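Descriptive structure summary
Each chain, written out:
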Amino acid sequence: MKTNDYIALEDQYGAHNYLPLDVVIKRGEGVWVFDVDGNRYLDCLSAYSAVNQGHVHPKILAALVDQAQHITLTSRAFRNDQLPLLYKELAELTGYEMALPMNSGAEAVETAIKLARKWAYQIKGIPQNQAEILTLEGNFHGRTITIISFSSEEAYRDGFGPFTPGFSTIPYGDVAALSRAITPNTAAILVEPIQGEAGVIVPPPGYLQQMRELCSKNNVLMIADEIQTGLGRTGQLFACDHESVRPDVMVIGKALSGGFYPISAVLADRSIMGLFQPGEHGSTFGGNPLGAAIARTALKVITSENLIQNSAEIGEYFADRLAEIPSRHVKEVRGKGLLIGVELKPSAGGGRRFAEILQKNGILVKETHGNVLRFTPPLIIDRETVDWALDRIFHILTKP
Ligand SMILES: *Cc1c(COP(=O)(O)O)cnc(C)c1O
């Protein structure tokens, strides 16, 4: 079967909830993927930063195979010999005392919301059912009904109401607006330290620090969604680390498995996470031994292979070179580490056009918000490969 045969099958039998590029990938290795027709591409999306460690990382693969030969799923009705070790290693790496494992990112965000509401009623003393959570314009936290309830993206919401109450949305990067929005019933604010899906939007310097101060002063939980920005993507373990900010609740996912498996987690200290009592929350697959073994190794790869440092160094190099390209199409290059967004001018004709040309030249990217190209290769990428990509990107962005 060739590319078009697979695409025809997918179009006929699959829901059309995505508009993928017409490339049918069969194999991946490190920063490269290969399609069914034998073409090679540099993966500059990394499955939205789930594959920070590179495709089919040999150590994570070995952990998966080994664990799958022992036991894969026990449910949390029983205990397993991997999850306690993942808990401990997460605590040692992140400094949060406790964790709660889930599967998808959206589920972990939902979990954090439940935790914040519980904290609001039990600790802060907000009257029952009156807790409010602040969210930010341009947010992306997943696709469940509750999460799209506070999306500011019409396409994510249109036709899916009625929505979950208890949320309000304020402008991103605006401390004064945040200060005005906090009421005695405010339980938490849910923030992406850099908005990935919105087009790699970096808030003004000091924003996260001022948010932290306002939250502490008003007894409001700061919840950071670092599902995309976390685990080294921005050149620090967490994007909040750039401002030395420690949120009360941290949500991680994506690269927590290196792309092998859906694994997510909520992190918090005992004073907050300890509020969950047996029976109040759960997931059949959450915390399963296969996922836990994979996550343990995926985290080890990030630290032992210096991926955070590499993301900082190569990311700066990549972004600087991109910014130097004398292109009449580019409005701005922004980001941190290897989370890089190239915003195109309205006259450029949209990001999709460039994504398709880049594909023909062996580079896979996905446009976001119509006119932003996101360059987020696996964090293992080296300078030579970045130069290879820059060569091609230069030619494409300097054509008329
Ligand atoms: C991808 C993403 C999610 C949702 O994760 P899923 O695994 O797709 O449910 C939530 N928040 C952020 C910031 C993300 O990038």
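Note that the structure is a prediction, hence the values are computed from the model and not measured.

Comments concerning the overall build of the chain
- Helix and strand content of the chain: 14 helices and 15 strands.
- Here the C-alpha radius of gyration of the chain, 21 Å, is about what a compact globule of 400 residues would show, namely 21 Å.
- Each principal axis of the C-alpha atoms in the chain carries an extent, and together these give about 60 × 55 × 45 Å.
- Counting only residues that meet the buried cut, the chain has 54% of its 400 residues in that class.
- A separation threshold of at least 6 residues defines the contact pool for the chain, and within that pool the share at least 24 residues apart is 72%.
- For the chain, the distance from the average site of its 37 positive side-chain charges to the average site of its 44 negative ones is 1 Å.

Describing unusual backbone geometry
- With an omega dihedral of 0°, the bond running from glycine 161 to proline 162 counts as a cis peptide bond.
- In this structure, proline 162 sits in the loop between helix H7 (154-157) and strand E6 (167-170).
- The backbone of serine 244 sits at a positive phi, close to 50°, despite the residue not being glycine.
- A residue is classified by how much of its surface remains accessible, and serine 244, at 68% relative accessible area, is exposed.
- Within the chain, histidine 369 stands out as a residue other than glycine whose phi angle is a positive 50°.
- Tracing the sequence through the fold places histidine 369 in the loop between strand E14 (366-368) and strand E15 (372-375).

Describing the sheet that holds strand E11 (residues 330-336)
- Strand order in the open sheet formed by four strands is E11-E12-E15-E14, with antiparallel pairing between adjacent strands. For this open sheet the edge positions go to E11 and E14, each flanked by a neighbour on one side alone. Averaged over all neighbouring strand pairs, the angle between strand axes comes to 30°, with direction disregarded.
- The pairing of E14 with E15 spans three bridges and is antiparallel. Bridge assignment links threonine 368 to a residue of E15, and that residue is valine 372.
- Along the sheet, helix H12 (residues 307-324) contacts E11, strand E12 (339-344) and E15; its crossing angle with E12, the most-contacted strand, is approximately 10°.
- The sheet strands contacting helix H13 (residues 351-360) are E12, E14 and E15, and the helix crosses E15 at an angle near 40°.

Some points on the site of the ligand
- Lining the immediate environment of the ligand, one finds Ser104, Gly105, Ala106, Phe140, His141, Gly142, Glu192, Asp225, Ile227, Gln228 and Lys254.
- Between the ligand and glutamine 228, the relevant distance is 2.8 Å, taken from an oxygen atom to a side-chain nitrogen or oxygen of the residue.
- Coverage of the ligand by the protein amounts to 80% of the 380 Å² it exposes when considered alone.
- The residue makeup of the shell around the ligand, split by class, is three nonpolar, five polar and three charged.

Side note on the environment of alanine 348
- Take alanine 348: it is sitting in the loop between E12 and H13.
- Residue classification places alanine 348 among the buried residues on the basis of a relative accessible area of 1%.
- With 23 residues separating them along the chain, alanine 348 and asparagine 371 place their C-alpha atoms 8.3 Å apart.

Describing the domain arrangement of the chain
- By domain assignment, the chain separates into domain 1 (3-56 + 306-397) and domain 2 (58-304).
- Computed from C-alpha coordinates alone, the two centres of domain 1 and domain 2 are separated by 26 Å.
- Listed per partner, the contact involves 30 residues of domain 1 and 33 residues of domain 2.
- Across the interface of domain 1 and domain 2, roughly 2,500 Å² is buried in total on both sides, 57% from carbon and sulfur atoms.
- In this structure, the connection of domain 1 to domain 2 is made through one salt bridge.
- Taking the shortest distance from any N to any O, the salt bridge between glutamate 197 and arginine 374 comes out at 2.8 Å.

Considerations on a nonpolar patch on the surface
- A cluster of nonpolar side chains, Met1, Tyr6, Leu9 and Tyr13, forms an exposed patch at the surface whose accessible area comes to about 470 Å².
- Residue placement: methionine 1 occurs in the segment before helix H1 (3-13).

Concerning the nonpolar core
- One finds Met211, Leu256, Leu267, Phe318, Leu322, Phe375 and Ile393 to be the most contacted residues of the largest nonpolar core, which totals 83 residues.
- Sort the elements by how many residues they give to this core and helix H11 (residues 289-304) lands first, with eight residues.
- If you count residues domain by domain, this core takes at least three from each of domain 1 (3-56 + 306-397) and domain 2 (58-304).
- Residues contacting leucine 322, with those up to four places away along its chain left out, are Val333, Ile340, Val342, Phe375, Leu390 and Ile393.

Observations concerning the pairing of strand E10 (residues 264-268)
- In terms of burial, E10 is largely enclosed, as five of its five residues are buried.
- A two-sided burial pattern is seen for E10, the buried positions comprising Ser264, Val266 and Ala268 on one face and Ala265 and Leu267 on the other.
- Relative to E10, strand E4 (residues 98-102) runs antiparallel, the two being bridged by five bridges. Bridge pairing links leucine 100 to valine 266 in E10.

Side note on the packing of helix H4 (residues 83-94) against H11
- Direction vectors running N to C along H4 and H11 enclose 30°, while the axes themselves pass 9 Å from each other. Between H4 and H11, the crossing angle belongs to the class labelled roughly parallel. Classified by chirality, the crossing of H11 by H4 is left-handed. Facing H4, whose interface residues are Leu83, Leu85, Leu86, Glu89, Leu90 and Leu93, H11 presents Ala292, Ala295, Arg296, Leu299, Lys300 and Thr303.
- For the contact of H4 with H11, a count of residues per class yields eight nonpolar, one polar and three charged.

Definitions and limits used
- Residues numbered from 1 in each chain as written.
- Predicted model: local features only at pLDDT ≥ 70, side-chain atom pairs only at ≥ 80, totals over all residues.
- Heavy atoms only, no water.
- Helix = DSSP H or I, 4+ residues; strand = E, 2+ residues; numbered from the N terminus.
- Rg over C-alpha atoms; globule rule 2.2 N^0.38 Å.
- Buried < 20%, exposed > 50% of the residue type's maximum accessible area, 1.4 Å probe, protein only.
- Contact = heavy atoms within 4.5 Å.
- Lys, Arg positive; Asp, Glu negative; His and termini not counted.
- Charge placed at Lys NZ, Arg CZ, Asp CG, Glu CD.
- Pairing = 2+ DSSP bridges.
- Axes fitted to C-alpha atoms, helices over the stretch in contact; angles between N-to-C directions.
- Near = heavy atom within 4 Å.
- Polar contact = N/O pair within 3.5 Å; in protein donor to acceptor, adjacent residues only side chain to side chain.
- Areas by Shrake-Rupley, 256 points an atom, 1.4 Å probe, with all protein chains shown as cover.
- Nonpolar A, V, L, I, M, F, W, Y, C, P; charged D, E, K, R; others polar.
- Domains from an automatic or database assignment.
- Buried area = accessible area lost by both parts, 1.4 Å probe.
- Salt bridge = Lys/Arg side-chain N within 4 Å of Asp/Glu carboxyl O.
- Patch = residues over 30% accessible without salt bridge, like charges linked within 9 Å, V, L, I, M, F, W, Y side chains within 5 Å.
- Core = buried A, V, L, I, M, F, W, Y, C linked by side-chain atoms within 4.5 Å.
- Parallel < 35°, antiparallel > 145°, perpendicular 65-115°, else oblique.
- Left-handed = near helix turned anticlockwise from the far one by under 90°.

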